[in-house]
Amino acid sequence: MSASRVRFRLSPTRRRPGRGWAVGVLAGVGLVLAACGSSGPARTASSSTPRQSSAGTSAAGGTSSARGSSSTPSSTTAACLRDAEPTPSSLTAPALASVQFVSTSTGWAAGAAGILATTNGGTLWRTQLSTSQVVGQVDFVSAADGWAVAEDELLGTTDGGRCWQALGEPSVGHLRTVHFVSPTLGFGVAGGTAPLLGQGETPPGDEGFGQAFAPVPPRQGGKLVMTSDGGRHWTVLSGAPANAQSVCFVSPTLGWLGAGGGLYRSTDGGTSWTLVADPGAASGRAPAGTDLVDLDCGAPTELAAVVNTGGAAAGNQPWALAAGSGGTSLGVLQADMFDGAPLDTPVSPGSYPGVVSVIGNGVFAAAGWTPAASAPEMAKVEVLRTDGTVLQPARGVPSLGDPTGLAFLSGQEGWVVGVAATGGSLQPSQGVIEKTTDGGASWVLQDRPEG
């Protein structure tokens, strides 16, 4: 473990009229990069750097014409965004909610107060952009081209984050999640009835449980949308299943959609979809759509999912870890009190759902957490195959409570972000980034400089 343990903190500032969100500032300002025109690494052409997803997997590029029943407006601005003062509210936001690497050196993390970046594998993290909104996701297809899903707007960059711009939003509601396969072609889920932060399922008086600090996809009402101009305009894909929750494509044509608790597959770029798995069907929940399917995918046709029932039972939130190889099925590999899984199903790495990161070629990483446990056993990460074979058993991550983001480049090297834990208690205003180079056997807490 690193001797220095600087965490990412949130502290209250002032209230913005008309919003009920709580965010704070990242303390220890350190080396802050201006959103536009600041010094930094030279721009990398998108064709020269292969995409590594949040799981560190390659995805093919390409373009596609817009399809669907409704066109959408754009709120494109030519100006680079400038740092803004973070805004507090009544709901605690995640200090760190997402992490992604495109190489062993270059990566991004995001959360309540903005976007961080590293060019040396996380030894040094710098603030690229401070925002007045929660940033729930970062998604890059290269070292240059990336997007960030903020509370009520989509941000984009074509120079690795030196300049972030506001892009368009679908007419059906704010984007909840995006997944791009090239600098121009991307898919997303917009709208829905669930809160942008938290699942609305937190036990009374225990706001640290149930992923209360993590941005989550909508259970109901989400719409699948597509862009062919890098996020400036969005089109609703009218042929998609109802209640879209999460989407992931490995090429311009092949992708999957979590919707209404089921998994759907498309081979024509989202024009048509086929149901290939329904993890909750054996319990009778499906096709009512009460489960939440949160996907990640990778080359050539690998996918993994966290399937969350949204229920609560004796200190647990029943969930399952599912995966598939070949793209035509999704099997439950591990579960915790998940009604519908076979009785002999191995136990998942935690009593509460976490996140997954597809490495590719039949391998992925998964995280979960157990609120009743003490650090370093509260949050655990494991590496396994899509057939269920465990390559690296679930091991505790020191200082981490609730994992909100996971990014593995190989079965050995990966990063995890989430809510800090001290002495068995979550610290909701603190976020941590930790790195492993041995598949999770040991972790190093990565620090952000103060100055």
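Residues numbered from 1 in each chain as written. Predicted model: local features only at pLDDT ≥ 70, side-chain atom pairs only at ≥ 80, totals over all residues. Heavy atoms only, no water.

### Section: the state of the cysteines
Okay, so step 1: By the definition in use, this model includes 2 disulfides.
Okay, so step 2: Each sulfur in the disulfide pair cysteine 80 and cysteine 163 lies 1.9 Å from the other. Measuring handedness by torsion sign, the sulfur bridge of cysteine 80 and cysteine 163 sits at about -105 degrees and is left-handed. In this pair, cysteine 80 sits in the loop between strand S1 (8-9) and strand S2 (98-101) while cysteine 163 sits in the loop between strand S8 (154-157) and strand S9 (165-166), placing the two residues 83 residues apart along the sequence.
Okay, so step 3: We classify cysteine 80 as buried; its relative accessible area is 17%. (Disulfide = S-S within 2.5 Å. Helix = DSSP H or I, 4+ residues; strand = E, 2+ residues; numbered from the N terminus. Buried < 20%, exposed > 50% of the residue type's maximum accessible area, 1.4 Å probe, protein only.)

### Topic: the side chain of arginine 219
Okay, so step 1: Mapping arginine 219 onto the fold places it in the loop between strand S11 (186-191) and strand S12 (222-227).
Okay, so step 2: Its relative accessible area of 14% is what places arginine 219 among the buried residues.

### Quick look at unusual backbone geometry
Okay, so step 1: Cis geometry is found at the peptide bond from alanine 299 to proline 300, where omega equals -5 degrees.
Okay, so step 2: For proline 300, the location among the structural elements is in the loop between strand S18 (292-298) and strand S19 (302-308).
Okay, so step 3: One non-glycine residue, asparagine 361, lies in positive phi territory at about 55 degrees.

### Observations concerning the sheet that holds S8
Okay, so step 1: Read across the sheet, 4 strands follow the order S6-S7-S8-S9 without closing on themselves; strand pairing throughout is antiparallel. Here the strands that pair on one side only, and so sit at the sheet edges, are strand S6 (135-140) and S9.
Okay, so step 2: The pairing of S6 with strand S7 (residues 146-150) spans 5 bridges and is classified as antiparallel. If you follow glutamine 137 over to S7, its bridge partner there is valine 149. (Pairing = 2+ DSSP bridges.)

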